[in-house]
Amino acid sequence: MEAQSLGTRKYSKVATVLIRMPNPAYYAFLALLALTLEINSAFSARIAGFHTTGGSQYINTRNILEELATRGHEVVMVVPSSFDKIKPSKKVPHKIYQAPYKPGFLEDTVIPLELEGKMMEVLFKMSKIQETLCESALNSTEVLKELKNYDLIIYDSGAFCAALIGELLKIQRIELFPYPPNSPDAFYHMIPSPISYVPQLPTGFTHKMTFKERLMNLGSYIGERLFLSIVYNRPMNALKMRYNITPERSFEGAVADVELLLIMADFALEYPQPLLPGHVMVGPLNVKDTQPLPPDLEEFVNNSGGHGFIIVSFGSMVASILPREKVDMLADAFGKLKQKVVWRLKGYIPSSLKANIKAVQWLPQNDLLAHKDIKAFVSHVGHNSLYESAYHGVPVVAFPLGGDQDSNAKKAEHFGLGLIVDHKNCSTQQLFETIEKVVGEPRFKTKAMHISGLLKDHPYTPLQETCNWIEYVVRHGGARHLRAQVFDIPWYQYYLLDVIAFLVTIVTLVVLVIRFICKCLCRVCCKKGDTKPKKE
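Residues numbered from 1 in each chain as written. Predicted model: local features only at pLDDT ≥ 70, side-chain atom pairs only at ≥ 80, totals over all residues. Heavy atoms only, no water.

In the nomenclature of an unreviewed UniProt entry, the protein chain is known as UDP-glycosyltransferases domain-containing protein of Pocillopora damicornis. UniProt, in the comment section headed Sequence similarities (unreviewed entry), describes the protein chain in these words: "Belongs to the UDP-glycosyltransferase family." (UniProt positions renumbered as here; feature names shortened; annotations may be inferred.)

Enquirer: Help me understand the environment of L239, please; the structure alone is not making it clear to me.
Expert: Looking at where L239 falls in the secondary structure, it is placed in helix α9 (residues 211-242). Counting along the chain gives 12 residues from L239 to F251, while the straight-line C-alpha distance between them is 9.1 Å. Setting aside residues no more than four positions away along its own chain, L239 makes contact with E131, C134, E135, L138 and L164. (Helix = DSSP H or I, 4+ residues; strand = E, 2+ residues; numbered from the N terminus. Contact = heavy atoms within 4.5 Å.)

Enquirer: When you look at the state of the cysteines in this model, what are you seeing that I'm missing?
Expert: Linking two cysteines covalently via their sulfur atoms produces the bond known as a disulfide. In this structure the tally under the stated criterion is 1 disulfide. Disulfide pairing places C134 opposite C161 at an S-S distance of 2.2 Å. Where C134 bonds to C161 through sulfur, the torsion about that S-S bond is close to 70°, and the disulfide is right-handed. Here C161 lies in helix α8 (residues 161-169) and C134 lies in helix α6 (residues 119-139), a separation of 27 residues in the sequence. Per residue, the accessibility class of C134 equals that of C161, and both read buried. Here C520 stays unpaired: no disulfide links it, and the sulfur of C518, its closest cysteine neighbor, is 9.3 Å away. We classify C520 as partly exposed; its relative accessible area is 29%. (Disulfide = S-S within 2.5 Å. Buried < 20%, exposed > 50% of the residue type's maximum accessible area, 1.4 Å probe, protein only.)

Enquirer: What is the right way to read the nonpolar core from this model?
Expert: Within soluble globular proteins, side chains that are nonpolar generally end up buried alongside one another. Membership of the largest hydrophobic core comes to 79 residues, with the highest contact counts inside it found for F50, I165, F314, L330, F334, W343 and L431. Among the domains, domain 1 (42-286 + 464-487) and domain 2 (295-457) are the pair contributing at least three residues each to this core. Those residues in contact with I165, other than ones at most four positions away along the chain, are F50, A137, L138, L144, L147 and I153. Counting residues in hydrophobic clusters, the runner-up holds 39 residues, among them L261, L293, I374 and Y387. (Core = buried A, V, L, I, M, F, W, Y, C linked by side-chain atoms within 4.5 Å. Domains from an automatic or database assignment.)

Enquirer: How should I be thinking about the packing of aromatic side chains in this particular structure?
Expert: The geometry of two aromatic rings is summed up by the distance between their centres and the angle between their planes. Summed over the entire model, instances satisfying the criterion amount to 15 aromatic pairs. On the basis of an interplanar angle of 80° and a centroid distance of 4.9 Å, the ring pair of Y494 and Y495 is categorised as edge-to-face. Among the aromatic side chains, those forming a connected cluster through ring pairs are F160, Y188, Y232 and F251. Residue placement shows R46 over the ring face of Y150; its charged tip is 4.4 Å from the ring centre. Over the ring of Y391 we find K456; its NZ or CZ atom is 5.3 Å from the centre of that ring. (Phe/Tyr/Trp six-rings, centres within 6.5 Å; stacked < 30°, edge-to-face > 60°. Lys NZ or Arg CZ within 6 Å of the ring centre and 35° of its normal.)

Enquirer: Is there a simple way to explain helix α16 (residues 428-440) in this structure?
Expert: Owing to its 3.6 residues per turn, the α-helix brings residues three or four apart onto one side. The end-to-end C-alpha distance of α16 is 18 Å, a good match for the 18 Å that 13 residues give at a rise of 1.5 Å each. The complete set of buried residues in α16 reads T428, L431, F432, T434, I435 and V438. Considered in projection along α16, the buried side chains sweep an arc of 165° and stay on one side of the axis. For α16, the secondary structure elements touched by its buried residues are β8 (309-313), α12 (324-335), β11 (374-379), β12 (396-398), β13 (418-420) and α17 (442-456). (Expected span 1.5 Å × (residues − 1). Arc of directions from axis to C-beta.)

Enquirer: Just to check I follow, could you spell out the sheet that holds β8 for this structure?
Expert: In sheet architecture, strand pairing relies on hydrogen bonds along the backbone and comes in two forms, parallel and antiparallel. A sheet is described by the order of its strands in space; here 6 strands give the open sequence β10-β9-β8-β11-β12-β13, paired in parallel fashion. In this open sheet, the two strands that pair with only one neighbour each are β10 (357-360) and β13. Strand-to-strand twist of the sheet, defined as the mean angle between neighbouring strand axes without regard to direction, takes the value 15°. As judged from the 3 bridges shared by β12 and β13, these two strands associate in the parallel manner. Residue V396 lies in a different strand from β13, and its bridge partner there is G418. Relative to β13, helix α15 (residues 405-414) is tilted by about 140°, and along the sheet it contacts β12 and β13. Contacts from α16 reach β8, β11, β12 and β13 within the one sheet, and its direction differs from that of β12 by about 150°. (Pairing = 2+ DSSP bridges. Axes fitted to C-alpha atoms, helices over the stretch in contact; angles between N-to-C directions.)

Enquirer: Would you take a moment to explain the pattern of salt bridges for this structure?
Expert: Once the charged atoms of two side chains with opposite charge are near each other, the side chains can pair. Counting across every chain of the model gives 16 salt bridges. Among the ionic pairs, E66 bridges to R62, the shortest N-O distance being 2.9 Å. With E66 and R62 both in helix α3 (residues 55-70) and 4 residues apart, the pair spans about one turn of that helix. Its relative accessible area of 24% is what places E66 among the partly exposed residues. Two residues, R249 and E167, come together in a salt bridge whose shortest N-O distance is 2.5 Å. With a gap of 82 residues between them, R249 in the loop between α9 and α10 (251-256) and E167 in helix α8 connect regions that are remote in the sequence. Residue class for E167 comes out buried when judged on its relative accessible area of 6%. Here the residues in one salt-bridge network are E167, K240, R249, D257, E259 and R480, joined through shared partners. (Salt bridge = Lys/Arg side-chain N within 4 Å of Asp/Glu carboxyl O.)

Here it is as structure tokens:
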């Protein structure tokens, strides 16, 4: 490895001083120090994080890079100029490539469509955005030149352009999978998905399906594969051809060619299903050690009069674009509660907010969820928010707004973690009664604490586990021994269609031969029967 740990230069100065000293003990110490540094530098690497869109995905990747930098690796974060939530630091420097979008463009163009339920339009638009961002990255000679000297690229599944960059520069890759293992992107990595008991994410079914649901599940499975092939694979394959990136291999093959797939989920909150050796469940990366609350928030939640508090957040992209009538409805419902309410809200803020409500532009969600007096979390139940709430044992009032949130909400209700509210038809009284029910009935808190115990019962935190696996790949120069043969066989072999065709052919031939023999025997018998009367 070319990378050297950050401490090597510092210790070299110490060694220079010690070597001038005549005492033999110092020479022994120097030899031991040199050996330690040699071992450390042998396992250090240059690791790049690649990001395109999404605030939570960026935070996850950045947290990983910070931990890796602490362990002595040299890291860098590559982001487009359109991403406006970057937080560079000494540990994690950022490299920015120019993109033809303004910061915050997703909140203006995509999120409103999602709130209106126009999911097909959202998916087509996101496909075009990812294609454009990928082309911008491939045109950035400065970024490509920088990455060429790196040993490993880590990226979330939404930033799949990293697959093309890694293939172009011949750099090993590890993908962070920020979804449940039954999501549509699982097709790229051949995550086993038996249709009979693994529900496809868009269906919202549980693992106990009726005949009708299994039939619909099969339709969803086929439809998702066709959709990905048309909307995402075709334009990305054209991009590969245009930039001459191993044109003999498809985009799907490039995405699948990772050393490891690290899945940010846990079966404590997922329906059981099989995984391949190279698929590792590491749990939610957004949970971390709690920090003291800001003084104003600390004072607000502590003055709850024994009723506790709830927090409200619908994600960073939605906080400022909720329709006014919906914000007013939420404010009226929250104002009826006995609990204090900490609400992440930007843009329009009702002038008549009750005294029990504190509207903030940003809130320390992890620290508030870990607070002893929290009673519930009113959330859009994005993947990260759902896991963060479950990790801290906090019941949820699910307020899904689009995307995978509907399926997450149904999953939360199935696991007994909370209840769902339909944002399209919800009234003030209905929302108020649902929150009261989740806060007042002990079964939700009991179930939430049980799931929390399962999520925490691991020898390492999710972040530590993730970095341990990344270092495993660094130490061994990859993890090809975990790669299943399924990636190297055609689809008809995977589904055993050739074997089925062979067996059907054999059975058909046997039936035809038996039928032919029976016909022959019948003819012989008939002839013998016809000759007897003539002789008589």
